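A look at the structure
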Amino acid sequence: ISEAVRNQHAIAVAMDAERQMERLYADAMEAVRVREEFLTIASHELRTPLTPLALQIGSLQRALRADPSRLSHERLLGKVEIVARQVARLHRLVSDLLDLSLLTAGNISLHREEVDLAAAARDAAHRFQEPASRAGCALRLSADKPVKGWGDRTRIDQIFTQLLSNAIKYGAGAPIDLRVESDDDVARIVVRDRGIGIPPDQQARIFGRFERAVSEQHYGGFGLGLWIVKQLLDALGGSISVESAPGQGSTFTVELPRREAATDSGSTDTTSP
Ligand code: ADP
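Here goes a summary of the coordinates provided. Computed from a prediction, not measured in an experiment: that's the story for all the values here.

Cut-offs and rules
- The residue numbering used here restarts from 1 in each chain and proceeds along that chain's sequence as written.
- Totals for whole chains, interfaces and linings use all residues, but because this is a predicted model, local features are given only for residues with pLDDT of at least 70 and pairs of side-chain atoms are given and counted only at 80 or more.
- By convention in this description, side-chain values take in all heavy atoms of the structure and omit both hydrogens and water.
- The rule for pairing is simple: two strands pair if DSSP sees at least two bridges between them.
- In DSSP terms, a helix is any run of H or I states spanning at least four residues, a strand is any run of E spanning at least two, and both are numbered starting from the N terminus.
- Geometry is summarised by axes, namely lines fitted to C-alpha atoms with helices restricted to the contacting stretch, and by angles between N-to-C directions that run from 0 to 180 degrees.
- Contacts between residues were defined by any pair of non-hydrogen atoms, one from each residue, lying within 4.5 Å.
- What makes a salt bridge here is a side-chain nitrogen of Lys or Arg within 4 Å of a carboxyl oxygen of Asp or Glu, nothing more.
- Each residue gets one of three labels from its accessible area relative to the maximum for its type: buried under 20%, exposed over 50%, partly exposed in between, using a 1.4 Å probe on protein chains only.

For the rest of this paragraph, the subject is the sheet that holds strand β7 (residues 239-245). An order of β3-β5-β6-β8-β7 is seen for the 5 strands of this open sheet, with the pairing classed as mixed. What marks the edges here is a single partner per strand, and that holds for β3 (139-142) and β7. Looking at each pair of strands side by side, their axes are set apart by 15° on average, direction ignored. Bridge count between β3 and strand β5 (residues 176-182): 4 bridges; the pairing is parallel. What sits directly across from S142, in β5, is R179. Together, β3, β5, β6 (186-192) and β8 (249-257) form the strand contacts of helix α4 (residues 117-134), whose direction differs from that of β3 by roughly 170°. Where helix α5 (residues 153-169) meets the sheet, it contacts β3, β5, β6, β7 and β8, and its direction lies at approximately 150° from that of β5.

Further remarks concern the pattern of salt bridges. Close approach of charged atoms lets side chains of opposite charge pair. Evaluated as defined, the whole model comprises 16 salt bridges. The partner of R155 in a salt bridge is D99, with the nearest N and O atoms 3.3 Å apart. Here R155, found in helix α5, pairs with D99, found in helix α3 (residues 73-104); they are 56 residues apart in sequence, far enough to count as distant. When its relative accessible area of 13% is taken as the criterion, R155 is described as buried. Judged by relative accessible area, D99 falls into the buried class, the value being 7%. With its nearest N and O atoms 2.7 Å apart, the salt bridge here joins R188 to D183. One salt-bridge network, held together by shared partners, links R179, E181, D183, R188 and E255.

This is how it looks when you write it as structure tokens:
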């Protein structure tokens, strides 16, 4: 009997090991698929701004060589603005790639200090005034009183930038509200748009790496921005969440600690993977 029991046990262990192997294999294949898809998207995204860049610079070169006096100030400015926009887009994409590798390696350095989120919000609203109005979105700011948070000013600026550029990108030209507030323990940044919204089943996924709820290339992007924001907030002892309904818009809420945690060194440090 004991021989039979031992055999049964051995068979069960072998089957379990086989199932585990199958799961590992499926996970590895999925990781390979995601990476390959990311490479395709990344190459496409990096190449897209190059076409208008080359076109505008070529046409500028020809016009300046032929007869610079015939190039009106307005046309010149128009061309330079297209060039500047595409360079900014490339800059953003390359910075995201750099952050991806730093965060994956656990190598991003943070400089923690007390930050006035209201001042950061005003700066961000100022930076985004022009792109928001170009997209037809009214950017409404409510950040009069100082709101102290504990974080890294440069990274907090980056979080504002990501949330506001998403709100404009997916905001369908409707008003966007940017608010900062605090209670006893946490300081909050709230960005509300009234755009395309996010289907309920995709709301948790958008904070994942390479995740894009809207797959059409029309919107562009690596699907990295919110993942980077979430990693930064994890490292800063904060969090991010979203409430959204398709067709009605999205509200992103970031929470940051208000003051230094007892365990916090308060100095420059690095994230761990
Ligand atoms: P991407 O660079 O592709 O925009 P993000 O990480 O910033 O990447 O966002 C991931 C996905 O989440 C986006 O592709 C989009 O589908 C969705 N998303 C992010 N912000 C919004 C928003 N304000 N409204 C609707 N969808 C959004």
